[in-house]
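Descriptive analysis of the structure
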Amino acid sequence: YLLYLETTKSGQLINQLIPSSGNQLLNFKIDLLKIALNKKALLLQMQEADLLPTVEIIHHISLRDKLQVLTLQAHKSSDIAIQLFGINPLLGFEQKLSLLEQLNNVGTLFIQNIHLLDIELQEKLAEFIKYGYYTLYKGDQRIISDVRIIASSHLNIESLMREGRFSPCLFNELQKTTLTMPSLS
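Please read these numbers as outputs of a predicted model, since none were measured by experiment. (Residues numbered from 1 in each chain as written. Predicted model: local features only at pLDDT ≥ 70, side-chain atom pairs only at ≥ 80, totals over all residues. Heavy atoms only, no water.)

Moving on to the overall build of the protein. If you tally the helices and strands in the protein, you get nine helices and seven strands. Projecting the C-alpha coordinates of the protein onto the three principal axes gives extents of approximately 55 × 35 × 25 Å. Taken across its 185 residues, the protein has 45% of its residues classed as buried. Partitioning the intrachain contacts of the protein with sequence separation of at least 6 by distance along the chain shows that 72% fall at a separation of at least 24. Of note, the protein has its 17 positive side-chain charges centred 4 Å away from the centre of its 18 negative side-chain charges. (Helix = DSSP H or I, 4+ residues; strand = E, 2+ residues; numbered from the N terminus. Buried < 20%, exposed > 50% of the residue type's maximum accessible area, 1.4 Å probe, protein only. Contact = heavy atoms within 4.5 Å. Lys, Arg positive; Asp, Glu negative; His and termini not counted. Charge placed at Lys NZ, Arg CZ, Asp CG, Glu CD.)

All buried positions along helix α5 (residues 77-85) are accounted for by Ser-78, Ile-80, Ala-81, Leu-84 and Phe-85. What you see down the axis of α5 is that its buried residues fit within an arc of 160°, all on one side. Elements that come into contact with the buried residues of α5 comprise β2 (66-71), α6 (99-102), β3 (107-112), α7 (119-131) and β4 (133-135). Residue Gly-86 follows α5 closely and has a positive phi angle near 85°. (Arc of directions from axis to C-beta.)

On to the sheet that holds strand β7 (residues 178-180). Taken together, five strands build an open sheet; the order of strands is β2-β3-β6-β1-β7 and the sheet is parallel. Since the sheet does not close on itself, it has two edges, and those belong to β2 and β7, each with one partner. With direction set aside, neighbouring strand axes in the sheet form an average angle of 20°. Taken together, the three bridges between strand β1 (residues 42-45) and β7 define a ladder with parallel strand orientation. Residue pairing for β7: Leu-43 is matched across the bridge by Thr-178. (Pairing = 2+ DSSP bridges. Axes fitted to C-alpha atoms, helices over the stretch in contact; angles between N-to-C directions.)

For the coordinates displayed, the defined rule picks out three aromatic pairs. With centroids separated by 6.1 Å and ring planes inclined at 75°, the aromatic side chains of Phe-128 and Tyr-134 adopt a geometry described as edge-to-face. For the pair shown, Phe-128 and Tyr-134 are each scored as buried. Centroid distance Tyr-131 to Tyr-133: 5.8 Å. Interplanar angle 20°. Geometry classified as stacked. (Phe/Tyr/Trp six-rings, centres within 6.5 Å; stacked < 30°, edge-to-face > 60°.)

Turning our eyes to something else, we now look at the environment of Lys-29. Structurally, Lys-29 can be placed in helix α3 (residues 23-37). Expressed as a C-alpha distance, the spacing of Lys-29 and Leu-17, which sit 12 residues apart in the sequence, is 9.4 Å. Within the structure, Lys-29 has its side chain in polar contact with the backbone oxygen of Ile-18 (distance 3.3 Å). (Polar contact = N/O pair within 3.5 Å; in protein donor to acceptor, adjacent residues only side chain to side chain.)

Right, let's get into the side chain of Asn-15. Relative to the helices and strands, Asn-15 resides in helix α2 (residues 9-17). Its relative accessible area of 18% is what places Asn-15 among the buried residues. When sequence neighbours within four positions are dropped, the list of residues in contact with Asn-15 reads Leu-5, Glu-6 and Lys-29.

The next thing to look at is the pattern of salt bridges. All chains considered together, the criterion is met by five salt bridges. Measuring nitrogen to oxygen at the nearest pair gives 3.8 Å for the salt bridge that ties Asp-146 to Lys-39. Remark: Lys-39 occurs in the loop between α3 and β1 and Asp-146 occurs in the loop between β5 (142-144) and β6 (148-152); sequence separation between them is 107 residues. A relative accessible area of 61% places Lys-39 in the exposed class. A salt bridge links Arg-165 to Glu-163; its shortest N-O distance comes to 3.1 Å. (Salt bridge = Lys/Arg side-chain N within 4 Å of Asp/Glu carboxyl O.)

In structure tokens:
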């Protein structure tokens, strides 16, 4: 990994983002490189100013073409569900491609403030991460997709899970690949 950091374009990008070579930051750069080279869903826990540059590097190293950023705020959960998963066409809504369909095989979906998804949507997202398919909102048709999911939260997800405000299934999927870093600013 050290050789890769020093000799490849991906490694140069990481070194530009994190110019220091201290032991702790070198280990972080190696972890960042390992995570960027696999396809697993990822939870980032870092300062908000550092999120987007880190996501862009992971996206670039993953050799994906499209990066979609979904910043969650206080929205209606049905709007977010339709945007993420699409909606059952039998309900008569205007058909737009869901993000998971638009980004299939070519994209990365960065969900900022993942803790703001309601529990039902967290469960659907966990199912997608675990099995590689999702179901339409208000539907049961399974659709396969290969979208790289990157999520972030400034809150402690484990505490939220213990309080019943975060899905244990999604927590289990995201804790497999978590990257935590002090501020780069």
